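Letter by letter, the chains look like this.
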Amino acid sequence: METRNFLRGKDIADYSVRNPQGEDLGTIKDVMIDVNEGCIAYAALSFGGFMGLGDKLFAIPWAALQYNAADNYFILDVPKERLENAPGFDKDNWPTTAEREWLTGLYSHYGYTPYWERHTR
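Residues numbered from 1 in each chain as written. Predicted model: local features only at pLDDT ≥ 70, side-chain atom pairs only at ≥ 80, totals over all residues. Heavy atoms only, no water.

Asks: What is the right way to look at helix α3 (residues 100-110) in this model?
Replies: Owing to its 3.6 residues per turn, the α-helix brings residues three or four apart onto one side. Those residues of α3 not exposed but buried are Leu 103, Leu 106, Tyr 107 and Tyr 110. Around the axis of α3, the buried residues are gathered within 95 degrees of arc, so they sit on the same side. Turned more than 90 degrees from where α3 packs its buried face, Glu 101 and Ser 108 sit exposed. Residues of α3 that are buried sit in contact with β3 (39-47), β4 (56-61), α2 (80-84) and α4 (115-118). Just downstream of α3 lies Gly 111, where phi reads positive at about 80 degrees. (Buried < 20%, exposed > 50% of the residue type's maximum accessible area, 1.4 Å probe, protein only. Helix = DSSP H or I, 4+ residues; strand = E, 2+ residues; numbered from the N terminus. Arc of directions from axis to C-beta. Contact = heavy atoms within 4.5 Å.)

Structural data, given as structure tokens:
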């Protein structure tokens, strides 16, 4: 029997994100939900900076994250260089799910099919 993991959206904030080797990549600050499609569009990852100062946020396709329930963190299997070269955004200017061109570029950068192209009702 398959076990499903459920997390409350508000509890995801500040979850650690690591690569498969266990190196820290940052923390999830929030998730953006596409209410028209009924799914998570992306997670906002805080990466870089010092004590929250100067760090940018990076949108990560939700499908790129795997939850490690045993240790309570997310795994992102992306080379650090790809993350460092990803388009980031300012903490005070979040992209919205309405910007499909931006989201398409985001999903392409990480090698994922956009959720609205694979989502069936």
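Now that the structure has been shown, we can carry on.
Asks: Got a minute to help me understand the pairing of strand β6 (residues 73-76) in this structure?
Replies: Regular strands place side chains that alternate from one sheet face to the opposite one. Burial along β6 is two-sided: the residues Tyr 73 and Ile 75 and Phe 74 and Leu 76 are all buried. The pairing of strand β1 (residues 16-18) with β6 spans two bridges and is classified as parallel. Looking at β6, one finds that Arg 18 is bridged to Ile 75. Between the end of strand β5 (residues 65-68) and the start of β6, which pair antiparallel, lie four residues, with Asn 72 showing a positive phi angle near 60 degrees. (Pairing = 2+ DSSP bridges.)

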